[in-house]
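Here is what each chain is made of, one letter per residue.
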Amino acid sequence: MSESATLAVGAKAAAARARGHDVIAFATGEPDFDTPDNIKRVAIHALEKGMTKYAPTPGDKSARLAIAHKLTQENGIETSFEQVTVTAGAKHAIYMALQAIVEPGRMDEVLLPTPAWVSYKPLIELAGAKCVEIAGARENGFRITSAQLAAAITPKTVGIVWNSPSNPCGIAYPASEVRALCDVLIKHERITIISDEIYEKLIYPEISPGLAHLSPGSLAALASRTITVNGLSKSYAMTGWRVGYLAAPLAMAKEIIKLQGQMTNSIPSFFYPAIVEALSNSAASVEAMRITFAARAQLMHRELSSVPKFHTVAPNAAFYAFPDVSGYFGTVSPAGVTINSAQSFADALLNEAHVAVVPGEDFGACARGNIRLSFACSDENIINGIGRIRTWVAQLK
Ligand code: PLP
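Every value quoted in this text rests on a predicted model; they were computed, and no experiment measured them.

### Re the overall build of the protein
Then, number 1: Looking only at helices and strands, the protein has 12 helices and 14 strands in total.
Then, number 2: A globule of 397 residues ought to have a C-alpha radius of gyration of about 21 Å, and the protein, at 21 Å, matches this closely.
Then, number 3: Its C-alpha atoms give the protein principal-axis dimensions of about 60 × 55 × 40 Å.
Then, number 4: When burial is assessed residue by residue, the protein has 57% of its 397 residues classed as buried.
Then, number 5: By sequence separation, contacts in the protein at least 24 residues apart represent 75% of the contacts at least 6 residues apart.
Then, number 6: As displayed, the protein offers around 15,800 Å² of accessible surface, 54% of which is attributable to carbon and sulfur atoms.
Then, number 7: Of the charged side chains in the protein, 35 are positive and 35 negative, and the gap between their average positions amounts to 2 Å.

### Digging into the layout of surface pockets
Then, number 1: Within this model, the largest pocket holds a volume of roughly 520 Å³.
Then, number 2: Looking at the largest pocket, it is lined by 25 residues, and the ones nearest its centre are L7, G29, K91, W117 and K234.
Then, number 3: Contributing elements (two or more residues each) for the lining of the largest pocket: α1 (5-18) and α4 (89-101).
Then, number 4: With four residues, α4 is the largest single contributor of residues to the lining of the largest pocket.
Then, number 5: Looking at the lining of the largest pocket, its residues break down into nine nonpolar, 10 polar and six charged.

### Focus: the site of the ligand
Then, number 1: Taken together, 13 residues surround the ligand, and among them A90, N167, D196, Y199 and K234 come closest.
Then, number 2: Within the side chain of S233, a nitrogen or oxygen atom sits 2.8 Å from an oxygen atom of the ligand.
Then, number 3: Here an oxygen atom of the ligand and a side-chain polar atom of R242 are 2.7 Å apart.
Then, number 4: Out of a free accessible area of 390 Å², the ligand has 92% covered by protein chains.
Then, number 5: Under a 2 Å grid-point criterion requiring more than half of the atoms, the pocket assigned to the ligand is the largest pocket.
Then, number 6: Taken together, the residues of the shell around the ligand break down into five nonpolar, four polar and four charged.

### Here we look at the sheet that holds strand β2 (residues 84-87)
Then, number 1: Read from one edge to the other, the open sheet built from seven strands follows the order β2-β8-β7-β6-β5-β3-β4, with strand pairing classed as mixed. The sheet terminates laterally at β2 and β4 (130-135), the two strands that pair on one side only. Sheet twist, expressed as the average angle between the axes of neighbouring strands with direction ignored, equals 20°.
Then, number 2: Relative to strand β7 (residues 226-231), strand β6 (residues 192-196) runs parallel, the two sharing four bridges. Of the residues in β7, the one forming a bridge with S195 is T228.
Then, number 3: Taken strand by strand, helix α3 (residues 61-75) contacts β2, β7 and β8 (244-247), and its axis lies near 115° from that of β2.

### Points about the pattern of salt bridges
Then, number 1: Under the counting rule described, the total for this entry stands at 16 salt bridges.
Then, number 2: The salt bridge partner of K40 is D34, with a shortest N-O separation of 2.7 Å.
Then, number 3: With a shortest N-O distance of 3.7 Å, R138 and D324 are connected by a salt bridge. Taken together, the residues R138 in the loop between β4 and α6 (146-152) and D324 in the loop between β9 (320-321) and β10 (331-332) connect sequence positions 186 residues apart.

### What to know about the nonpolar core
Then, number 1: Of all hydrophobic cores here, the largest spans 107 residues; its most connected members are F26, L149, F310 and F345.
Then, number 2: By residue number, the principal contributor to this core is α4, which donates eight residues.
Then, number 3: No fewer than three residues from each of domain 1 (5-30 + 285-393) and domain 2 (52-280) sit in this core.
Then, number 4: In this structure, F345 is in contact with F310, V325, Y328, I339, I371, W392, V393 and L396, ignoring residues within four places of it in sequence.
Then, number 5: Counting 26 residues, the second-largest nonpolar core is a separate cluster that includes A43, A55, W241 and V243.

### Description of the domain arrangement of the protein
Then, number 1: Its domain assignment divides the protein into domain 1 (5-30 + 285-393) and domain 2 (52-280).
Then, number 2: For domain 1 versus domain 2, the separation of C-alpha centres amounts to 27 Å.
Then, number 3: At the junction of the two partners, domain 1 supplies 31 residues and domain 2 supplies 33 residues.
Then, number 4: With both chains or domains summed, domain 1 and domain 2 bury close to 2,700 Å², and 63% of this area falls on carbon and sulfur atoms.
Then, number 5: For the pair domain 1 and domain 2, the interface holds two salt bridges.
Then, number 6: Applying the counting rule to domain 1 against domain 2 returns 15 residue pairs in polar contact (both at pLDDT 80 or more).
Then, number 7: For the side of domain 1 that touches domain 2, the secondary structure elements donating two or more residues are α1, α10 (283-305) and β9.

Analysis parameters
Residues numbered from 1 in each chain as written. Predicted model: local features only at pLDDT ≥ 70, side-chain atom pairs only at ≥ 80, totals over all residues. Heavy atoms only, no water. Helix = DSSP H or I, 4+ residues; strand = E, 2+ residues; numbered from the N terminus. Rg over C-alpha atoms; globule rule 2.2 N^0.38 Å. Buried < 20%, exposed > 50% of the residue type's maximum accessible area, 1.4 Å probe, protein only. Contact = heavy atoms within 4.5 Å. Areas by Shrake-Rupley, 256 points an atom, 1.4 Å probe, with all protein chains shown as cover. Lys, Arg positive; Asp, Glu negative; His and termini not counted. Charge placed at Lys NZ, Arg CZ, Asp CG, Glu CD. 1 Å grid on protein atoms, 1.4 Å probe; cavity = no way out; pocket = protein on both sides within 12 Å on 5 of 7 lines; lining within 4 Å. Points joined across faces, edges and corners; volume = space filled by probe spheres on them. Nonpolar A, V, L, I, M, F, W, Y, C, P; charged D, E, K, R; others polar. Near = heavy atom within 4 Å. Polar contact = N/O pair within 3.5 Å; in protein donor to acceptor, adjacent residues only side chain to side chain. Sits in = over half its atoms within 2 Å of the grid points. Pairing = 2+ DSSP bridges. Axes fitted to C-alpha atoms, helices over the stretch in contact; angles between N-to-C directions. Salt bridge = Lys/Arg side-chain N within 4 Å of Asp/Glu carboxyl O. Core = buried A, V, L, I, M, F, W, Y, C linked by side-chain atoms within 4.5 Å. Domains from an automatic or database assignment. Buried area = accessible area lost by both parts, 1.4 Å probe.

Here it is as structure tokens:
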């Protein structure tokens, strides 16, 4: 299977730094903030108290209750704690959700609106299904339409991986569009919705007035066939902790818990009180980070708009911009490299201008002309990094 493109760029940037280059990195999909202190303190206290033994496979009951409460109150997804499994990151939750719905050898198909996060397609294929991409047009802010969704469904479709707000697009679907897409899915009872809501709290109505998150699992007609995935990595600046979770219909949840029991068992037991602390006592920290990301989204878009031949959809969620740079395909770089793909653009940019971005190829067939830039970094990085890009593209012949 293919290596994660985002992790590969991170490694290349680290190697360039090790060679002594001053690299400006827009590659990593993680907040540059530290985990809020109150969350860290609760984990340290739990460790000191001796919470060092195995915990139940799906997690400690208090953490599962806190997650069920969050989903019920904040997302309108009626959830009992038995439906919740705490996982080693949202990534493992998505892996298990796909394993639960796909039957290998049955020629199952799973729909994937693209551009989409690099791991979805390999995970769909690993589960034994065909990944059917539905391309969101740049002109439509990368969002797919109901007509596109309806046209992609076949008798073999068993699921859809849904991700709003989106990595890599940096956009959230308006609630009205999510509802319209769900209306299509409601008519197809075989389809399970895996809704990855990891960027749910990073939405910027200051950029798109009225923008709000809608969870497909909150719609009564879909509740019994939606697996909602979320986690603490992005909103709480906890990527390295590896804390994700999913909530599934009860019968499916029981199967997923069996799978996790054979794979990883529980996450570290002293993290469970920290999950409760994050979900019940950290809203102000999350909001402070959200406000900073919203300002950076605007700065990033302003800077990218000043690069000739870049076409960028204004980000209004998550922490990514995803410009189309194909206007430079067919040119030659100052070091003599022919730029004929997003990959060659990104490689030459890193080698020659020491700016790390993720090439679009692995985000979907429709993303071959794009690069992803994370704005989970300082304003200074954004201004200097895009400045370097502007200078470098001016030399492409
Ligand atoms: N889902 C999306 C859309 C992501 O962008 C990422 C991380 O980049 C993940 C899931 C993985 O999250 P975690 O770190 O909790 O495994």
